[in-house]
Amino acid sequence: MAVNEAAVGKRYPATTYAVGREKIREYAHATFEQDPLHLDLEAARRAGYRDLVAPPMFCVVYSAPALAPAILDPEVGIDFARMVHGAQEFRWGPLVVAGDEVSTEVTVKAVEERDGKGFFVFESVSTNQDGHTVCVGTWTNIVRGS
Amino acid sequence: MAELQPGAELPELAVTPDRHLTIRYAGASGDFNPIHVDEEFAKQVGLPGKILHGLWSMAQVARAQTQAGGGPHTLRRLSVQFRGMGLPEREVKVTGTVREVRDGLAVVDTVAEQDGTQIIRNAEAEIQI
């Protein structure tokens, strides 16, 4: 399959996500988190956090709005019907808590063809309101050839 | 909290997602791809039925690490490969072994499997110790 390597390096406008307490609880329940830091406000405060703590993988929630325009970009040219999520990496900085505003910027890191498959790699960098990098994600999508 | 020395095994995490889990996770994560929430659609595209979100399974791998490390702050990095597919109503098991300890981090080789098939493989975590 032909891929458009010209999209490599392309950046998309940052999106900002306001982290809500009940959204953290909803995510924690759906992923069976049991640590009270994600569920019990008093426990989180006793542990020294300002509010409920987001589980590390909550990064998928605050990053998603920034990823969508990159994955949908016609210049990148992903064929959804043939796309699978191949691999994922996250590196975390300070924990995110309810009340944080996390801004995420996405870049196209790689577009290449190997063994008849297209590999599309995106990087997301998420920064909190204090300027700390809270998460860097590397998202690898694989598109099977026709 | 587990003793994270080279060769140590993480406490195994076993979880059985219920029938409606994928719908709750779709709402929580915002990923409403019909292969995860619509039984009929999933079958039409050749799947056995609604399949688990890969990122939900990755969250179970993450949870095994934070439980072993002693809290969400201990997980510094997690990289995974998604393979095959997970299904609701069947047990998912996460296991892991500490490969090495360097710079105050335990490097863990970890996988998630269901019915003996790895649904997350070649995963590597770094846990602060």
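Every value quoted in this text rests on a predicted model; they were computed, and no experiment measured them.

Undergrad: How would you summarise helix α1 (residues 21–30) of chain A if you had to cite specific residues and measurements?
TA: All names here are of chain A. For α1, every residue scored as buried is listed here: Ile24, Tyr27, Ala28 and Ala30. When α1 is viewed along its axis, its buried side chains cluster within an angular range of 165° and face the same direction. Positive phi appears at Phe32, one or two residues downstream of α1, with a value of about 60°.

Undergrad: Now, about the pattern of salt bridges: what can you tell me, with residues and values included?
TA: As enumerated under the stated definition, the model contains 21 salt bridges over all chains in all. With its nearest N and O atoms 2.6 Å apart, the salt bridge here joins Arg99 of chain B to Asp109 of chain B. Remark: Asp109 of chain B occurs in strand β4 (residues 105–114) and Arg99 of chain B occurs in strand β3 (residues 92–102); sequence separation between them is 10 residues. One salt-bridge network, held together by shared partners, links Glu89 and Arg91 of chain A together with Arg77, Arg99, Glu100, Arg102, Asp109, Glu124 and Glu126 of chain B.

Undergrad: Describe helix α4 (residues 54–69) of chain B, with residues and values.
TA: Residue and element names in this part refer to chain B. Given a rise of 1.5 Å per residue, 16 residues ought to cover 22 Å, and the 23 Å separating the end C-alpha atoms of α4 matches this to within 8%. Of all the 16 residues making up α4, 14 are buried; the element is thus mostly covered by neighbouring parts of the structure. Backbone geometry just after α4 places Gly70 at a positive phi near 100°.

Undergrad: Can you lay out the nonpolar core for me, pointing to particular residues and giving the numbers?
TA: Counting residues in each nonpolar core, the largest one holds 75 residues, and the members touching the most others are Met57, Val60 and Phe122 of chain A. Not counting chain neighbours up to four residues away, the residues in contact with Val60 of chain A comprise Tyr27, Phe90 and Trp139 of chain A together with Tyr25 and Leu55 of chain B. Grouped together as the second largest cluster of nonpolar side chains are 5 residues, Ile35, Ala42, Leu47 and Ile51 of chain B included.

Rules of the game
- Note that residues are indexed from 1 along each chain, following the sequence as it is written.
- Chains and ligands are labelled by the order in which they are written, letters from A for the one and numbers from 1 for the other.
- With pLDDT at 70 or above as the cut-off, local features in this predicted model cover only qualifying residues; side-chain atom pairs require 80 or more to be listed or tallied, and sums for whole chains, interfaces and linings still use all residues.
- No hydrogens and no water enter the side-chain calculation; it runs on all heavy atoms of the structure.
- Type-normalised accessible area, obtained with a 1.4 Å probe on protein chains alone, sets the label of each residue: buried when under 20%, exposed when over 50%, and partly exposed for intermediate values.
- A run of DSSP states H or I qualifies as a helix once it reaches four residues; a run of E qualifies as a strand once it reaches two. Both are numbered from the N-terminal end.
- Starting at the helix axis, one direction is taken to each C-beta atom, and the arc is that of these directions.
- Definition used for salt bridges: Asp or Glu carboxyl oxygen within 4 Å of a side-chain nitrogen of Lys or Arg.
- Take the number of residues in a helix, subtract one, and multiply by 1.5 Å to get its expected span.
- Residues enter a nonpolar core if they are buried and are Ala, Val, Leu, Ile, Met, Phe, Trp, Tyr or Cys, with the set joined through side-chain atoms within 4.5 Å.
- Whether two residues touch is decided by their heavy atoms; if any such pair falls within 4.5 Å, the residues are in contact.

Keep in mind these numbers describe shape, not what the thing actually does.
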